[in-house]
Amino acid sequence: MAAISGEFDNTREIPGQRPVLITGGHDYTTLTEVAVGPWEAPHPPRAWYIAFIISVSLLAVLGGAIGYLAVNGVGVWGVNNPTSWGLAIVNFVFWVGIGHAGTLISAILFLFRQKWRTSINRFAEAMTIFAVMCAGIFPGIHVGRMWLAYWLAPVPNQMGMWPQFRSPLLWDVFAVSTYATVSLLFWYVGMIPDLATLRDRAKSRMGQFFYGLFALGWTGSSRHWHRFERAYLLLAALATPLVLSVHSVVSFDFAVSQLPGWHTTIFPPYFVAGAIFGGFAMVVTLAIPARELFGLKNIITKRHLENCCKIILVTGLIVGYAYLMEKFIAWYGGNKYEEYIFKTRALGAYAWAYWTMITCNVILPQLFWFKWARQNLVVMFCIVMAVNIGMWFERFVIVVTSLSEDFLPANWHYYWPTLIDWLTLAGSFGLFFTLFLLFCRFLPMVAMAEVKTIMPHADPHPHAPGHVPTTRSFDYNPDEYDGPQEDKR
């Protein structure tokens, strides 16, 4: 069946019918052609070149900023006494949060059998890997002497010292590195069948060798599918608790301290919800232009984007509730220092940052209650961009407001990032988008093997009474297998 041009609105709910997730009348052949189209095209779209030049330029800025930092030390940042943590920690927590949504979509939604995830999970996983790479830069350069960053690892250095195992900063090393390793494995294992497709379609010997090397000799045999299904399921089960644990551990950087505004037990669930909130916003930020540029409207449909908007709305409400509870507990606890910090956040020197955070994270996402906002791509893109900005400001407010006004009023100092701080932040986006654009060009952006399992063609003999299949092909959703008992229901 030939693909039908145009975009079909599959967001309508029809009682008794499951929504169509892949539109355009695609069969397996046309779906493969569309999915590998960006890779097979001799040249990417002009917009890709423009975005790539900008991203590489920002990446060069990051290299220059880090080099300047290495020569001159952390005095080139805006950190001072008492604000000893500045944009480096803000950026670290922001990028770790962005890295949450990819594994969430792949692992947790996979275990819950959410079929709509199949169209967006691949590049969401890639987003996770690249975001964690961006996050990993900042602890390394924040130690001041970045050539001694290996001291963060639990290996004795030349002075016979060990890291402080009771410090949550060391817990970060274990949590983030474990999360990055499992996420990378999960991403790669899920990509093996699609890498084999690229190997088989490659026209150059170099392409055949490169993709064949990473396809691990995949032939599509029953044994290969069986092993693949097992590995994918085990990695999903392993990654799921990591999604919840990694940002909980990151929140301990603040929660175990004695500083007002940080010393609170609500931080772990609050940080996890915020990370999912910001991560899904970044997924939509990347999905909207990607589907337009690479002709993926019938694979990443309006329904996929609408589902993401609903998750953003729910997690945004959780984040808003956490903001409210922070204030309530500060008042209810009767701690005058806590009360002062939360009053200062809303009315003090950093009120502009606080109200930017509230506007972007709490007020604007409420537009997603309305269906027109979840269907209008321009409105949707503006809201998710606001959420990205708001989540960065959330970390800025948490880090800076509690540090700049500590227990000694004579010690208070206004913190403002320097040009090097801003250039480092911009450069981290350059690294992220450079990697993402290269991924879009040279790797399968859509999980073809998974998407095909949710198409009607995956079940050509649907559920005749008494039907017993003689063979069993790979099934990403084994609990939905329709055997004789299922047919009798």
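Everything that follows concerns the structure shown earlier in this document.
Overview of the structure. (Residues numbered from 1 in each chain as written. Predicted model: local features only at pLDDT ≥ 70, side-chain atom pairs only at ≥ 80, totals over all residues. Heavy atoms only, no water.)

**Describing the overall build of the protein**
Working step 1: In terms of helices and strands, the protein carries 17 helices and zero strands.
Working step 2: Whereas a compact globule of 489 residues would reach a radius of gyration of roughly 23 Å, the protein reaches 24 Å, a difference of no more than 12%.
Working step 3: On the principal axes, the C-alpha backbone points of the protein span a range of 80 × 50 × 45 Å.
Working step 4: Every one of the 489 residues in the protein was classed for burial, and the buried ones make up 52%.
Working step 5: When contacts within the protein are restricted to residue pairs at least 6 apart in sequence, those whose partners lie at least 24 apart make up 78%.
Working step 6: Carbon and sulfur atoms form 68% of the exposed surface of the protein, whose accessible area is close to 22700 Å².
Working step 7: Separation between the mean location of the 33 positive side-chain charges and that of the 29 negative ones in the protein comes to 3 Å. (Helix = DSSP H or I, 4+ residues; strand = E, 2+ residues; numbered from the N terminus. Rg over C-alpha atoms; globule rule 2.2 N^0.38 Å. Buried < 20%, exposed > 50% of the residue type's maximum accessible area, 1.4 Å probe, protein only. Contact = heavy atoms within 4.5 Å. Areas by Shrake-Rupley, 256 points an atom, 1.4 Å probe, with all protein chains shown as cover. Lys, Arg positive; Asp, Glu negative; His and termini not counted. Charge placed at Lys NZ, Arg CZ, Asp CG, Glu CD.)

**Some thoughts on the packing of aromatic side chains**
Working step 1: Counted according to the given criterion, the structure contains 51 aromatic pairs.
Working step 2: Between Phe254 and Trp262 the ring centres are 4.8 Å apart and the planes differ by 85°, which places this aromatic pair in the edge-to-face class.
Working step 3: Pairwise contacts between aromatic rings join Tyr350, Trp352, Trp392, Phe393, Phe396, Tyr414, Tyr415, Trp416 and Trp422 into one cluster.
Working step 4: Positioned over the ring face of Phe442 is Arg441, at 5.8 Å from the centre of the ring. (Phe/Tyr/Trp six-rings, centres within 6.5 Å; stacked < 30°, edge-to-face > 60°. Lys NZ or Arg CZ within 6 Å of the ring centre and 35° of its normal.)

**Points about the nonpolar core**
Working step 1: Ranked by size, the top nonpolar core spans 142 residues in total, and within it Phe123, Phe254 and Phe439 carry the most contacts.
Working step 2: The greatest single-element share of this core, amounting to 16 residues, is contributed by helix H9 (residues 267–293).
Working step 3: Each residue touching Phe123, except ones within four places of it in the same chain, is listed here: Val283, Leu286, Ala287, Ile300, Phe436, Phe439 and Met445. (Core = buried A, V, L, I, M, F, W, Y, C linked by side-chain atoms within 4.5 Å.)

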